[in-house]
Structure formats: structure tokens, C-alpha cells
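# Report on the structure
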Amino acid sequence: MKLLTFLSEGKEKFGIKTEEGIVNLEKALQLHPNSRIPIEMNDIIQEGVTGLSLLGEYLNSLPMDHYYIEDEEEISFGPAITSPNKIICVGLNYRKHADETNSSYPEIPILFNKFTNTLIGHKKNIQLPRVTSKVDYEVELGIVIGSKTKNVTVSEALDHALGYVTANDISARDLQLRTSQWLLGKNCDGFCPLGPYLVSKDEVGNPNDLQLKTTVNGEVRQYSNTSDMIFHCDEIISFVSHHLTLFPGDVILTGTPEGVIMGEPEDRQVYLKSGDEVTVEIEKLGKLTNYFV
């Protein structure tokens, strides 16, 4: 199942992608009420796998009616996850990315965080901050947590995932490397596009074997596979859960592969500028495009 948020009449709405188009759940429930189905994405997420199961049953029984089918080309996407309790990121988690930045492989996951001001949706403009001249892209697989998760083993970890999302961990390299803490370079407004969809884990299968790609103005810059991760998704969830509790809707960004601008020789580093179009794509999850202004 592919879930999404979109804006309509100035309000955030919850949608489900189908072959006929995007089901506007609020409108569908007006015609076909079901008290067990919440109309908010966050409420579904809080129900975890049970919530997805109920939603799937409702969707299968729903007649397709133009009243609540939206044209995907015309909707205004919001971030796939709108209000996570936490956005946790893993740094230097691909072997070839560590190689291109002349970094040693970490012995334990390197964790940092993003805040909710960074969240933005598919096809949205991202304003380049005045305080930086070195804005970079990073395609990343995002794990969305589906149940309270604490002290889980590696073998149990993926049971606690609700689904996955395409993410772009946008980074201002000059701000990021100004101090030993990466916070400023990672948390400018709009620096965490998520989407277009939250894809349920049953549609994804093994998250440790997915193709990733980034294009800038149509030119392929990153092309890799999550199998190059140093710490795989199950290992990351387990590791994080032994240090802090994860809750439904929390997002973990799992690192980026080689091909970032910072990995190029200095004389070939051309950072993002106004007018650039960046698309990050992950197999089975969809393409996420943003425009820099």
C-alpha cells in the first residue's frame, strides 16, 4: 500500500495511491463511513500494521467513485510523514561513500538528527539558504517505525518497521563541516524531503537490496544499492533501540551512497544552485523531485 499526504483547501489530507488515482480518504469516508478508519495519516501510523490491515480491507471494499478520486498530477504533495517524534540519520553508512570522502568505515553507526522544519513534499521548491554556498544532495532509504521499539534484537528489528520512504538528506557542506557537530548543515528549512509515498513493508520486501538513484537536471549522479550499506536496516533499528525508544512514525534515514558533490575533486565540485531540479529515486518506493530556488 502506498500512502501519502496532500494539501487541499489549505488543509493536509490523507491519500492512498490506487490504479484509478489517489483516494481522498476523508471524502471516501463521507460516502462510505467506517468508524474504525481514521482520516489522519498520523492516526493510521499509530495503529501500526493493524491500522494498515484495516485500511487495506476498507480500500478493497470501496467502489471507485470520481467524487473521492484525485488526479495525482494535480495534487499538491505534502511530506509522506508529517510529524515524526524523531528523525534519526545515519552518517557514512555506505562503503563507497566513505571511500569517496576518504573516511574510515565506522565501527558503530554514526547518528545525528534532523528536525521537523526540514520536512517538505514531492515537487516542492526548496529555498537555498543565504548562509551557505555548498548545498548537496543525498538519496537515502527512510525507515518508518510502526510500533514502540526498545531493546530489540537484529532478528526482530524489521518486524517493527511499518514501511519505507524515499528521502533526500540535503546538506550544506560548509555549515556541516564548520564544527564537529553536523546540526547546522543538516537542518535548514526544507532539507528533508520525504515521499512521494510511505510504502508498506509488504510491498518492499528486503530493504537491504534496493536500487537508489539521484539525477540533477536529468544527469545521473548517484546510482547504487542498499546492499552497500555498512550497517543494514535491521542492524540500525536494533542499535538505535538499545539507546533510545522508537515510536510509531519515527523516521530513520539510513545513509547515502557514493556520488555526492562533496565526494568530487575540489575543482569539480559544482554545488546546487537556483533552477536545479533534483530527483532521488528508490526501487519500489518511487521518485521524489524538488526544485531549488
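Above this text you will find the structure in question.
Now for a look at the structure at hand. Since the model is a prediction, treat every value here as computed from it, not as a measurement. (Residues numbered from 1 in each chain as written. Predicted model: local features only at pLDDT ≥ 70, side-chain atom pairs only at ≥ 80, totals over all residues. Heavy atoms only, no water.)

## Thoughts on the overall build of the protein chain
Counting its regular elements, the protein chain contains eight helices and 20 strands. In summary, the protein chain has a C-alpha radius of gyration of 19 Å against a globular reference of 19 Å for 293 residues, a match within 12%. When the backbone C-alpha atoms are referred to their principal axes, the protein chain occupies close to 60 × 45 × 30 Å. The buried share of the protein chain, reckoned over its 293 residues, is 57%. (Helix = DSSP H or I, 4+ residues; strand = E, 2+ residues; numbered from the N terminus. Rg over C-alpha atoms; globule rule 2.2 N^0.38 Å. Buried < 20%, exposed > 50% of the residue type's maximum accessible area, 1.4 Å probe, protein only.)

## Here we look at helix H2 (residues 41–61)
With 21 residues, H2 should cover 30 Å at 1.5 Å per step; its first-to-last C-alpha distance of 20 Å lies more than 12% under that length. Maximal helix bending in H2 amounts to about 120°, located at Gly48. Burial in H2 covers these residues: Met41, Ile44, Ile45, Gly48, Gly51, Leu52, Leu54, Leu55, Gly56, Tyr58 and Leu59. (Expected span 1.5 Å × (residues − 1). Bend = angle between axes of the 7 residues up to and from the residue.)

## Digging into the sheet that holds strand S19 (residues 277–282)
Working definition: the strands of a sheet are paired by backbone hydrogen bonds and lie parallel or antiparallel to each other. Across the sheet, which stays open at both edges, the five strands sit in the order S9-S20-S19-S16-S17 with mixed pairing between neighbours. Where the open sheet ends on each side, the last strands, each with one partner, are strand S9 (124–126) and strand S17 (219–225). Averaged over all pairs of adjacent strands, the angle between strand axes in this sheet comes to 20°, irrespective of strand direction. Across three bridges, the pairing between S9 and strand S20 (residues 286–292) is parallel. Counted as the bridge partner of Ile126 is Phe292 from S20. (Pairing = 2+ DSSP bridges. Axes fitted to C-alpha atoms, helices over the stretch in contact; angles between N-to-C directions.)

## Quick word on the pattern of salt bridges
Inspection of every chain in the model, using the stated rule, returns 14 salt bridges. Between Lys13 and Glu26 there is a salt bridge, and its shortest N-O distance comes to 2.5 Å. One end of the pair, Lys13, is in strand S2 (residues 11–18); the other, Glu26, is in helix H1 (residues 25–31), and 13 residues separate them in sequence. Residue class for Lys13 comes out buried when judged on its relative accessible area of 12%. In this structure Glu26 comes out as partly exposed when scored by relative accessible area, which is 28%. (Salt bridge = Lys/Arg side-chain N within 4 Å of Asp/Glu carboxyl O.)

## Thoughts on the side chain of Asn208
Looking at the element boundaries, Asn208 is found in the loop between helix H7 (201–204) and strand S16 (211–216). In this structure Asn208 touches Asn225, Thr226, Ser227, His232, Cys233 and Asp234, once residues within four positions along its chain are discounted. (Contact = heavy atoms within 4.5 Å.)

## Some thoughts on the pairing of S19
Where S16 and S19 come together, five bridges link them in antiparallel fashion. Bridge pairing in S19 links Thr215 to Thr279. The pairing of S19 with S20 spans six bridges and is antiparallel. Residue Thr279 lies in a different strand from S20, and its bridge partner there is Thr289. Linking S19 to S20, which pair antiparallel, is a turn of three residues; within it Lys284 sits at a positive phi near 75°.

## Thoughts on the packing of aromatic side chains
Per the stated rule, a full pass over the model turns up one aromatic pair. Ring plane angle 65° and centroid distance 5.3 Å describe the contact between Phe112 and Trp182, whose orientation is recorded as edge-to-face. Pair noted here: Phe112 is in strand S7 (residues 110–114) and Trp182 is in the loop between helix H5 (173–176) and helix H6 (183–186), with a separation of 70 residues, a long-range link. A residue is classified by how much of its surface remains accessible, and Phe112, at 13% relative accessible area, is buried. Sitting over the face of the ring of Tyr67, Lys27 holds its NZ or CZ atom 5.4 Å from the ring centroid. (Phe/Tyr/Trp six-rings, centres within 6.5 Å; stacked < 30°, edge-to-face > 60°. Lys NZ or Arg CZ within 6 Å of the ring centre and 35° of its normal.)

## Describing the pairing of S17
Judged from the six bridges that link them, S16 and S17 form a sheet pairing that is antiparallel. Across the sheet, the residue bridging to Thr214 is Gln222, located in S17. Counted along the chain from S16 to the antiparallel partner S17, the turn is two residues long, and its residue Asn217 has a positive phi close to 55°.

## A few points about the nonpolar core
With 50 residues, the main nonpolar core has Leu141, Ile143, Ile237, Ile252, Leu272 and Phe292 as its most contacted residues. Listing elements by their share of this core, those giving two or more residues are strand S1 (2–8), strand S6 (87–91), strand S11 (139–145), strand S12 (161–168), S16, helix H8 (233–241), S19 and S20. (Core = buried A, V, L, I, M, F, W, Y, C linked by side-chain atoms within 4.5 Å.)

## Side note on H8
Judged by how many residues are buried, H8 sits mostly within the fold: eight of nine residues are covered. The set of residues buried in H8 consists of Cys233, Asp234, Ile236, Ile237, Ser238, Phe239, Val240 and Ser241. Against the buried residues of H8 lie S6, S7, S11, helix H4 (154–157) and strand S18 (251–253).

## Some points on a negative patch on the surface
On the surface, a cluster of negative charge is made up of Glu12, Glu40, Asp43 and Glu47. Mapped onto the secondary structure, Glu40 falls in the loop between H1 and H2. (Patch = residues over 30% accessible without salt bridge, like charges linked within 9 Å, V, L, I, M, F, W, Y side chains within 5 Å. Areas by Shrake-Rupley, 256 points an atom, 1.4 Å probe, with all protein chains shown as cover. Lys, Arg positive; Asp, Glu negative; His and termini not counted. Charge placed at Lys NZ, Arg CZ, Asp CG, Glu CD.)

## Structural notes on the state of the cysteines
Inspection of every chain in the model, using the stated rule, returns zero disulfides. Here Cys89 stays free of any disulfide, with the sulfur of Cys192 as its closest cysteine sulfur at 6.3 Å. Take Cys89: its relative accessible area is 0%, and that puts it in the buried class. Left without a disulfide partner, Cys188 is nearest to the cysteine sulfur of Cys192, which lies 13 Å away. (Disulfide = S-S within 2.5 Å.)

These figures come from the coordinates and say nothing about function on their own.
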